[in-house]
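This is what each chain is made of:
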Amino acid sequence: MALTRPERIAALHQAARERILVLDGSWGVMIQRRELTEADFRGDRFTAHNGQMKGNNDILCLTRPDVIADLHDQYFAAGADISETNTFSATVIAQDDYQLEADAVRDINLEGAKLARASADRWTEKEPHRPRFAAGSIGPLNKMLSMSSDVNDPGARLVTFDQVYDTYRHQVLALNEGGVDLYLIETITDTLNCKAAIKAIKDLEDKGMEPLPIWISGTITDRSGRTLSGQTAEAFWNSVRHAKPFAIGFNCALGADLMRPFIAELSRVADTLVAAYPNAGLPNAMGQYDEEPHQTAHFIEEWAASGLVNIVGGCCGTTPEHIRHTAEAVSKLPTRVIPERPVAMRLSGLEPFELVA
């Protein structure tokens, strides 16, 4: 018999106290390996849709659900505790590139959540000693609130805060209805966009939607140690800690070797779980990722041995084999101890500011 959602959330918190949790890996690289055609992406529903659909991976939740269900199963079989919904770009704003209407976008999120839920339930039933969880993927937008869209006009924006808030609200409602266990606001390049997503979730909860844990994952874009909107790791944490997230961390852009100092900084300051899922190194000249599964796992094992992380996984270029090696590498290592931090006023701009009484 399947667990209820409150039981699953309680099991998630319990598992996080007991061991390092493992997230799945890349979806893009695995979907590319299927060599799907335009007809696969269109399915029956979008046969007459204008414009190209190939490359819109999220639409596969509707047109090739068998592919998405199989990928969830592959990652759970590899040792993942948590698998994300295939909804990284399933917002009205992002899907406007494919001329999709709001109803279709809602259906992507709803069906994506149901597919992840069904796979997690199957694996939990198969291995009840190790329950599996479905995370609702809420990705970045292709339009930013913090940065100008015109180099000649610093105040130019392609979207308003209300528009970003509404597109995330629309996505969150469908993910919640579809049965996810937590929200993963991920690959955050713009902290203000992230705040719009947080506000959408919190406002919906105030209106009666069932509360779920929130995992927030930013992106350090290069060796400067800053997000695209300019914040350091600690400043980013100060900006979002009011959400009292289940976990905070970084993903994408960097391999595990280059990501380490920023994860260490979060580990020092964050009084919640710290999560990290790096790329399989940096892409080569052809845009491919060459880092082997054992190499990625070696870096992550060192993070765990150093007490830096509570949740690990993989981003661009990682595969079920990367996740298998990672899960094995951290399986016997203790989870990070959450620090107790002194009471202080902590503010942020691009840099953090702390005033201790």
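See the structure above.
So, how was this worked out
- Residues numbered from 1 in each chain as written.
- Predicted model: local features only at pLDDT ≥ 70, side-chain atom pairs only at ≥ 80, totals over all residues.
- Heavy atoms only, no water.
- Patch = residues over 30% accessible without salt bridge, like charges linked within 9 Å, V, L, I, M, F, W, Y side chains within 5 Å.
- Areas by Shrake-Rupley, 256 points an atom, 1.4 Å probe, with all protein chains shown as cover.
- Salt bridge = Lys/Arg side-chain N within 4 Å of Asp/Glu carboxyl O.
- Helix = DSSP H or I, 4+ residues; strand = E, 2+ residues; numbered from the N terminus.
- Axes fitted to C-alpha atoms, helices over the stretch in contact; angles between N-to-C directions.
- Parallel < 35°, antiparallel > 145°, perpendicular 65-115°, else oblique.
- Left-handed = near helix turned anticlockwise from the far one by under 90°.
- Contact = heavy atoms within 4.5 Å.
- Buried < 20%, exposed > 50% of the residue type's maximum accessible area, 1.4 Å probe, protein only.
- Pairing = 2+ DSSP bridges.
- Right-handed = clockwise from strand over helix to strand, strands pointing away.

**As for a nonpolar patch on the surface**
Thinking step 1. A cluster of nonpolar residues, M345, L347, F353 and L355, forms a patch on the protein surface that exposes about 370 Å² of accessible area.
Thinking step 2. For the nonpolar patch, the secondary-structure elements that each account for two or more residues are β9 (344-348) and β10 (352-356).
Thinking step 3. Examined against the element boundaries, L347 turns out to sit in strand β9.

**So, the packing of helix α8 (residues 161-178) against helix α9 (residues 191-206)**
Thinking step 1. In the contact formed by α8 and α9, the axes pass within 8 Å of each other and the chain directions differ by 50°. It follows from the interaxial angle that α8 and α9 lie oblique. Here α8 and α9 pass one another in a crossing that is right-handed. Across from F161, V164, Y165, Y168, R169, V172 and L173 in α8, the residues of α9 making contact are L192, N193, K195, A196, A197, K199, A200, I201, D203 and L204.

**Observations concerning the pairing of strand β7 (residues 273-279)**
Thinking step 1. For β7, the buried fraction is high: seven of the seven residues fall into the buried class.
Thinking step 2. The pairing of strand β6 (residues 247-255) with β7 spans six bridges and is classified as parallel. For G249, the partnering residue across the bridge sits in β7 and is A275.
Thinking step 3. In the sheet, β7 pairs with strand β8 (residues 311-312) via two bridges, with the strands oriented parallel. Following the sheet pairing, A276 is matched in β8 by V312.
Thinking step 4. Between the parallel pair β7 and β8, the chain is carried across by helix α12 (residues 293-305), and the sense of this crossover is right-handed.

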